[in-house]
Protein chains: 2
Amino acid sequence: MPPERFPIPQGTLDMLVLQILSLGPAHGYAIAQRIEQISRNAVQVNQGSLYPALHRLEQKKWLRSEWRASETGREAKFYALTRAGEKQLAIEKDSWDRLDAAVRLIFAQGE
Amino acid sequence: MPPERFPIPQGTLDMLVLQILSLGPAHGYAIAQRIEQISRNAVQVNQGSLYPALHRLEQKKWLRSEWRASETGREAKFYALTRAGEKQLAIEKDSWDRLDAAVRLIFAQGE
DNA sequence: TCCTCATACATCGAAGGTTGAGGTAACGCG
DNA sequence: CGCGTTACCTCAACCTTCGATGTATGAGGA
């Protein structure tokens with residue numbers, strides 16, 4: 001039985017994509033695979049969420065894209081983090097930490 | 001300067017409401033206050049999000065409501081966790097832990 | 001007394017992201 | 001030749017959050 005998957009909260013995907021790309025450029029399909037693999041399948045990335053997210057992030061200038069040959073030799077659209085993207089990643093990372101801290105404070109009540 | 005607030009991800013509010021109510025019944029207004037106070041204002045609860053959430057949770061039978069006098073002597077709708085609500089809270093708590101673990105795994109990449 | 005703030009409920013439209021389904025195309029393997 | 005994988009994309013339905021708006025009562029200060 002594979003580990004249960006839960007819906008990923010709105011907005012979280014963007015942060016994960018930015019983080020993956022902070023390790024180096026990658027194309028969409030690979031980004032999804034990496035997120036799933038690294039999280040040991042805890043997080044699943046639907047293509048119907050991924051591609052809109054990539055377009056969204058590129059429009060906000062947090063990513064830059066370029067068509068190049070993938071590892072398999074086929075054409076693929078590689079995304080890279082911009083400076084603004086790095087800053088945004090830092091902001092979202094921080095927000096996540098503070099949200100998690102707040103949630104744990106609330107869970108710690110009554111113990 | 002008050003600490004910056006971030007939008008709370010979709011679905012998170014329900015979990016926090018359930019958790020607050022696991023400490024005992026409370027009315028809507030008090031639930032919001034407690035979440036804000038305990039989180040040291042990191043999480044803000046808009047009334048436009050709160051009341052729909054309460055109705056939603058009650059419809060799913062995770063909460064039960066009852067009109068009673070509040071601490072101030074005025075009538076207020078008190079919500080209490082049901083058995084099903086307790087189970088749901090456990091599920092959501094677990095999902096949160098696993099999501100946080102996954103996010104941290106991804107962030108740990110490249111270190 | 002009057003006004004304002006806090007309590008306490010509620011609803012609504014707009015905005016935004018996720019889901020799941022569907023569609024296209026090329027490559028490699030048996 | 002067919003099938004699974006890679007790799008892109010779009011769309012309608014759904015759901016939640018946000019911010020504004022509305023109602024009403026009670027307490028406290030001017």
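Look above for the structure.
As the structure is a prediction and not an experimental result, all values here were calculated from the model.

(A) Spotlight on helix α3 (residues 47–59) of chain B. Residues and elements named next belong to chain B. Compared with the 18 Å implied by 1.5 Å per residue over 13 residues, the 18 Å span of α3 between its first and last C-alpha is a close match. For α3, the complete set of buried residues consists of Ala-53, Leu-54 and Leu-57. Each buried residue of α3 lies within a common arc of 100° when the element is viewed along its axis, so the set occupies one face. For α3, the exposed residues lying more than 90 degrees away from the buried face are Gly-48, Pro-52 and Gln-59. Those residues of α3 that are buried lie in contact with α1 (12–21), α2 (28–38), β2 (63–69) and β3 (75–81).

(B) Structural view of the interface of chain A and chain B. Taken together, the contacts link 27 residues of chain A with 27 residues of chain B. Mapped onto the side of chain A that touches chain B, the elements with two or more residues apiece are α1 (12–21), α2 (28–38) and α4 (83–108) of chain A. In terms of residue count, α4(A) provides more of the side of chain A that touches chain B than any other element does, 11 residues in total. Here the residues of the side of chain A that touches chain B sort into 16 nonpolar, 8 polar and 3 charged.

(C) The arrangement of the sheet that holds strand β1 (residues 26–27) of chain A in detail. Residue and element names in this part refer to chain A. Taken together, 3 strands build an open sheet; the order of strands is β1-β3-β2 and the sheet is antiparallel. The sheet is open, and its two edges are formed by β1 and β2 (63–69), each paired on a single side. Note that β2 and strand β3 (residues 75–81) share 7 bridges and pair antiparallel. Within β3, the position partnered with Ser-65 by the bridge is Tyr-79. α1 rests against β1, β2 and β3 of the sheet, and its axis sits at about 95° to β3.

Rules and cut-offs
- Residues numbered from 1 in each chain as written.
- Chains lettered and ligands numbered in written order.
- Predicted model: local features only at pLDDT ≥ 70, side-chain atom pairs only at ≥ 80, totals over all residues.
- Helix = DSSP H or I, 4+ residues; strand = E, 2+ residues; numbered from the N terminus.
- Expected span 1.5 Å × (residues − 1).
- Buried ≥ 20, exposed ≤ 12 C-beta atoms within 10 Å, placed from the backbone.
- Arc of directions from axis to C-beta.
- Contact = placed C-beta atoms within 7 Å.
- Nonpolar A, V, L, I, M, F, W, Y, C, P; charged D, E, K, R; others polar.
- Pairing = 2+ DSSP bridges.
- Axes fitted to C-alpha atoms, helices over the stretch in contact; angles between N-to-C directions.

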